Amino acid sequence: MASHSTVDVKVTNVDSRTIGDSFSQMTFDVADFKAFEAKSPQLGATLFTHVFAERLFSANNPGAGFQSSHAAALGPEAAVMGAATRTESGTQLMNGWTGATFDYLDKKGNPVSSYSFQVDPNWAVH
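All of these numbers come straight from a predicted model, not from anything done at the bench.

1. Observations regarding the sheet that holds strand E1 (residues 10–12)
- Reading across the sheet, the three strands line up as E1-E3-E2 and stay open at both edges, with mixed pairing between neighbours. The open sheet terminates on both sides in strands that have one partner only, identified here as E1 and strand E2 (21–22).
- With three bridges connecting them, E1 and strand E3 (residues 27–29) associate as parallel partners. Of the residues in E3, the one forming a bridge with Lys10 is Thr27.
- Sheet strands in contact with helix H1 (residues 30–39) are E1 and E3, and its direction is about 50° off that of E3.

Printed below as a string of structure tokens:
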């Protein structure tokens, strides 16, 4: 990224349009960060790493959208956990909450760590 480039991220708190961060809104939800960090300080660090890796990729690749920027951020994020990549899965629960799991995998696809959380109807992470 050129020295004159700027990456802007709006900080929100309990934003109903954001789970962790929103690429399209360019937001970072502090309440979600705190929920990730409560599960593991390392997991909180992955959120910061992911957000800024996405934004840097986008800044360095004009026209890059969410999919390519998100994919580019998975490696740096996983490295914080001592892994090679991250996969995610989610479930819709009966009470309207969504459950999600992040699995961090080594180069051979073996699990390094796994974190599950729930997202309430306001999209707050628990």
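2. Quick notes on helix H3 (residues 66–80)
- Look at H3: 21 Å from first C-alpha to last across 15 residues, which is about the 21 Å you get at 1.5 Å a residue.
- Its maximal kink placed at Leu74, H3 deviates by approximately 30°, while the proline Pro76 follows within four residues.
- Those residues of H3 that fall on the buried side of the exposure criterion are Ser69, His70, Ala73, Leu74, Glu77 and Ala78.
- Taken from the residues just after H3, Gly82 is the one with a positive phi, measuring 75°.

3. Side note on the pattern of salt bridges
- One pass over the structure, following the stated rule, counts four salt bridges.
- Because the salt bridges share partners, they merge into one network encompassing Asp21, Glu54 and Arg55.

4. Focus: the environment of Gln67
- Along the chain, the position of Gln67 falls in helix H3.
- Owing to a relative accessible area of 60%, Gln67 belongs among the exposed residues under this scheme.
- Separated by 13 residues in sequence, Gln67 and Glu54 have C-alpha atoms that sit 9.7 Å apart.

5. Some remarks on the packing of aromatic side chains
- In this structure the tally under the stated criterion is seven aromatic pairs.
- With 5.0 Å between their ring centres and 15° between their planes, Phe28 and Phe48 make a pair best called stacked. Pair noted here: Phe28 is in strand E3 and Phe48 is in helix H2 (residues 41–60), with a separation of 20 residues, a long-range link.
- Using a relative accessible area of 6% as the deciding quantity, one classes Phe28 as buried.
- Judged by its relative accessible area of 37%, Phe48 falls in the partly exposed class.
- Summarising the aromatic geometry, the rings of Phe33 and Phe48 are spaced 4.6 Å apart at their centres and angled 50° between planes, so their arrangement reads as tilted. Residue Phe33 is found in helix H1, and its partner Phe48 is found in helix H2; the two are separated by 15 residues along the sequence.

How each quantity is defined
- Residues numbered from 1 in each chain as written.
- Predicted model: local features only at pLDDT ≥ 70, side-chain atom pairs only at ≥ 80, totals over all residues.
- Heavy atoms only, no water.
- Pairing = 2+ DSSP bridges.
- Helix = DSSP H or I, 4+ residues; strand = E, 2+ residues; numbered from the N terminus.
- Contact = heavy atoms within 4.5 Å.
- Axes fitted to C-alpha atoms, helices over the stretch in contact; angles between N-to-C directions.
- Expected span 1.5 Å × (residues − 1).
- Bend = angle between axes of the 7 residues up to and from the residue.
- Buried < 20%, exposed > 50% of the residue type's maximum accessible area, 1.4 Å probe, protein only.
- Salt bridge = Lys/Arg side-chain N within 4 Å of Asp/Glu carboxyl O.
- Phe/Tyr/Trp six-rings, centres within 6.5 Å; stacked < 30°, edge-to-face > 60°.

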